[in-house]
Amino acid sequence: MQSKNKKAPTTLEREYIRLVALQPCSVCDEGGGEGAPSEVHEIVQGNWWLSTALCTGCHRGPVNGLHGQRRMWKLKKLDEQGALAITIRRVFLAARGA
Ligand SMILES: [Zn+2]
Ligand SMILES: [Zn+2]
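Now for a description of the structure that goes with this document.

Conventions used here
- Residues numbered from 1 in each chain as written.
- Chains lettered and ligands numbered in written order.
- Predicted model: local features only at pLDDT ≥ 70, side-chain atom pairs only at ≥ 80, totals over all residues.
- Helix = DSSP H or I, 4+ residues; strand = E, 2+ residues; numbered from the N terminus.
- Rg over C-alpha atoms; globule rule 2.2 N^0.38 Å.
- Buried ≥ 20, exposed ≤ 12 C-beta atoms within 10 Å, placed from the backbone.
- Contact = placed C-beta atoms within 7 Å.
- Core = buried A, V, L, I, M, F, W, Y, C linked by C-beta atoms within 7 Å.

Attention now goes to the overall build of the chain. Looking only at helices and strands, the chain has 4 helices and 2 strands in total. Starting at the N terminus, the α and β elements of the chain follow one another as α-β-β-α-α-α. Radius of gyration (C-alpha) of the chain: 13 Å, near the 13 Å computed for a compact globule of 98 residues. Judged by the C-alpha coordinates and their principal axes, the chain covers about 35 × 35 × 25 Å.

With that settled, the discussion passes to the environment of Ser38. In this structure, Ser38 sits in the loop between α1 (11–21) and β1 (39–42). Here Ser38 falls in the buried class, since 25 other C-beta atoms lie within 10 Å of it. Remark: the alpha-carbon pair of Ser38 and Arg18, spanning 20 residues in sequence, is separated by 9.4 Å. Apart from residues lying up to four places away in sequence, Ser38 is in contact with Ala21, Gln23, Pro24, Cys25, Gly31, Gly32, Ala53, Leu54 and Cys55.

What follows deals with the nonpolar core. Of all hydrophobic cores here, the largest spans 13 residues; its most connected members are Cys25, Val27, Ala53, Leu54, Cys58 and Trp73. Every element with two or more residues in this core is listed here: β2 (51–54) and α3 (71–75). Beyond its immediate chain neighbours, meaning those up to four positions away, Leu54 contacts Cys25, Ser26, Val27, Ser38, Glu39, His41, His59 and Leu66.

This next bit is on the environment of Asn47. Along the polypeptide, Asn47 turns up in the loop between β1 and β2. For Asn47, a count of 10 C-beta atoms within 10 Å corresponds to the exposed category. Residues Asn47 and Pro9 lie 38 residues apart in sequence; the distance between their C-alpha atoms is 9.0 Å.

This part takes up the environment of Ile86. As for its position among the elements, Ile86 is in helix α4 (residues 80–95). Accessibility expressed as a C-beta count within 10 Å gives 19 for Ile86, which makes it partly exposed. For the pair formed by Ile86 and Leu19, sequence separation is 67 residues and the distance between their alpha carbons is 13 Å.

Okay, here's the thing in structure tokens:
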């Protein structure tokens, strides 16, 4: 995940990333919480504030994944910005105590 030319997240960013990972997948709504944390995808490489919570399938799956054929994304009519908006809404609700 951590590539060489990528800056390590700051303490504040790590806190945010953790909160993002606790949200269910922004595409298919699977997982989330301490038991099944989501993967964190950055819309813009290295900008952790543009992090999206995704399950393994919707992230890296060869058929459903963003880095694959994006079948689930098409089914849910979502692009990266749409999924990001869902993540931001959920993080906001979590941060204010739902
Ligand atoms: Zn998913
Ligand atoms: Zn990714």
